[in-house]
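Summary of the model geometry
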Amino acid sequence: MKAKNRYERAQQVLNWIDYYWPQGRPVVIKWKKQLSDNAYGETYREGSKLIITLSKTKCATWETTIDTLMHEAAHCILWGMASVEDKTAHHPPSFWALYGEIKDRFDHDHGSEQSKEFSIYGN
Ligand SMILES: [Zn+2]
């Protein structure tokens, strides 16, 4: 399915990530004009869901959007069913290993093309 803009593309890539690295909970993308601390993205728990919030201002290109989404999705995968509020490190080496695995698959192992076959809609 062809994404018409970075909003649809972000959802499509999230669906691709969830297929290969199940996130264990429903994950919802929300867009805001700006985030606190001028962040690119942030992730938090809301009830049984994980919410990835992306900054429309900072994620101005498809490339930045996808890169930020992969970062936030890696948090979702690692948090899984655990409590997000746990006082664990947010970016331990295991985080970067997972992020690197996703990014490498996307950039160098057909992930980008593959992801275009996924839905542009959330569940
Ligand atoms: Zn992070």
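What comes next is a walk through the structure. (Residues numbered from 1 in each chain as written. Predicted model: local features only at pLDDT ≥ 70, side-chain atom pairs only at ≥ 80, totals over all residues.)

Tracing the sequence through the fold places Leu98 in helix H3 (residues 93–108). Its 17 C-beta neighbours within 10 Å are what place Leu98 among the partly exposed residues. In sequence terms Leu98 and Met70 are 28 residues apart; their C-alpha atoms lie 9.6 Å from each other. (Helix = DSSP H or I, 4+ residues; strand = E, 2+ residues; numbered from the N terminus. Buried ≥ 20, exposed ≤ 12 C-beta atoms within 10 Å, placed from the backbone.)

Okay, the sheet that holds strand S2 (residues 41–46) next. The strand order across the open sheet formed by three strands is S1-S3-S2, and the pairing between neighbours is mixed. The sheet is open, and its two borders are formed by strand S1 (27–32) and S2, each paired with just one other strand. Neighbouring strand axes in the sheet, compared pairwise and without regard to direction, differ in orientation by 25° on average. As defined by bridge partners, S2 adjoins strand S3 (residues 49–55) across six bridges and the pair is classed as antiparallel. Paired with Arg45 across the strands is Leu50, a residue of S3. Where helix H1 (residues 6–20) meets the sheet, it contacts S1 and S3, and its direction lies at approximately 155° from that of S1. Strand contacts of helix H2 (residues 62–79): S1, S2 and S3, with the helix running at about 160° to S3, the strand carrying the most contacts. (Pairing = 2+ DSSP bridges. Axes fitted to C-alpha atoms, helices over the stretch in contact; angles between N-to-C directions. Contact = placed C-beta atoms within 7 Å.)

Read these as layout, nothing more, since geometry by itself doesn't imply function.
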